[in-house]
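Structural characterization, general
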Amino acid sequence: MKKIVLTSVAIAAVIFSGCSSKAPEVDMNANSQTSVSDGSMSDADRLNALIANIQAQVKNVYFGFDKYNITADQQGTVSSNAALFNQAEAQSLSVKVEGNCDEWGTDEYNYALGLKRAKSVKDALVRNGVAAERVDVVSYGESNPVCTDKSKSCDAQNRRAEFKVLP
């Protein structure tokens, strides 16, 4: 009798543990190309995944010293960014272009130069098919450096236009 009870308990334990309703654990970092068409995601989650996906692929545009024109070697970057922003699912998103400068020049001069850089990138995006009303520009002048070393290569990293994808 004791063996039958123990066997029954063991079988019941195996059956119930196999039918657990615990959700499987998923490593969200395992796949950086998150599918935004997954039917189980909420609209907000889908939108956030799309924004994160585009933001991860967008690249900065770099400028020469005291320049705001987009050079030939940076045209490809602008074109690939425009292609990302022109995707069918990204048509409802806005883009903020942030103009940045190195530390050389006055605050006022660098603010104006950063704005010219952001505007030239916006114009290039518009020429590549991005709707002008989707693109905002802002200048941070020299106040948002990515590198603070006193070198030419560091200064070159700070002369840039960055992109922020917004809902």
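These lines cover the structure that appears in this document, whether it is placed above or below.

**Details of the overall build of the protein**
Broken down by element type, the protein carries 5 helices and 4 strands. From first element to last, N terminus to C terminus, the protein shows the α and β order α-α-β-α-β-α-β-α-β. Residues classed as buried in the protein amount to 30% of the 167 residues present. When contacts within the protein are restricted to residue pairs at least 6 apart in sequence, long-range pairs at least 24 apart make up 72% of them. When the accessible area of the protein is evaluated, it comes to approximately 10600 Å², of which 57% is carbon and sulfur surface.

**Looking at unusual backbone geometry**
Look at Asp-66: it is not a glycine, yet its phi comes out positive at around 60°. By the secondary structure assignment, Asp-66 is in the loop between β1 (61-62) and α3 (72-85). Looking at Asp-66, the relative accessible area reads 38%, which means it is partly exposed.

**Some words on the nonpolar core**
The biggest cluster of nonpolar side chains holds 24 residues, and the ones touching the most others in it are Ile-54, Phe-85, Val-97, Val-121, Leu-125 and Phe-163. Looking at this core, the elements with two or more residues in it are α2 (43-57), α3, β2 (94-100), α4 (107-127) and β4 (160-166). Excluding anything up to four places from it in sequence, Ile-54 contacts Leu-84, Phe-85, Gln-87, Ala-90, Leu-93 and Val-165.

**Thoughts on the pairing of β2**
Taken across its 7 residues, β2 has 5 buried, putting it largely inside the fold. In this region the chain leaves β2, passes through α4 and returns to the parallel neighbour strand β3 (residues 135-141); the handedness of that crossover is right-handed.

What counts, and where the lines are drawn
- Residues numbered from 1 in each chain as written.
- Predicted model: local features only at pLDDT ≥ 70, side-chain atom pairs only at ≥ 80, totals over all residues.
- Heavy atoms only, no water.
- Helix = DSSP H or I, 4+ residues; strand = E, 2+ residues; numbered from the N terminus.
- Buried < 20%, exposed > 50% of the residue type's maximum accessible area, 1.4 Å probe, protein only.
- Contact = heavy atoms within 4.5 Å.
- Areas by Shrake-Rupley, 256 points an atom, 1.4 Å probe, with all protein chains shown as cover.
- Core = buried A, V, L, I, M, F, W, Y, C linked by side-chain atoms within 4.5 Å.
- Right-handed = clockwise from strand over helix to strand, strands pointing away.

Everything listed is a geometric property; what it means functionally is a separate question.
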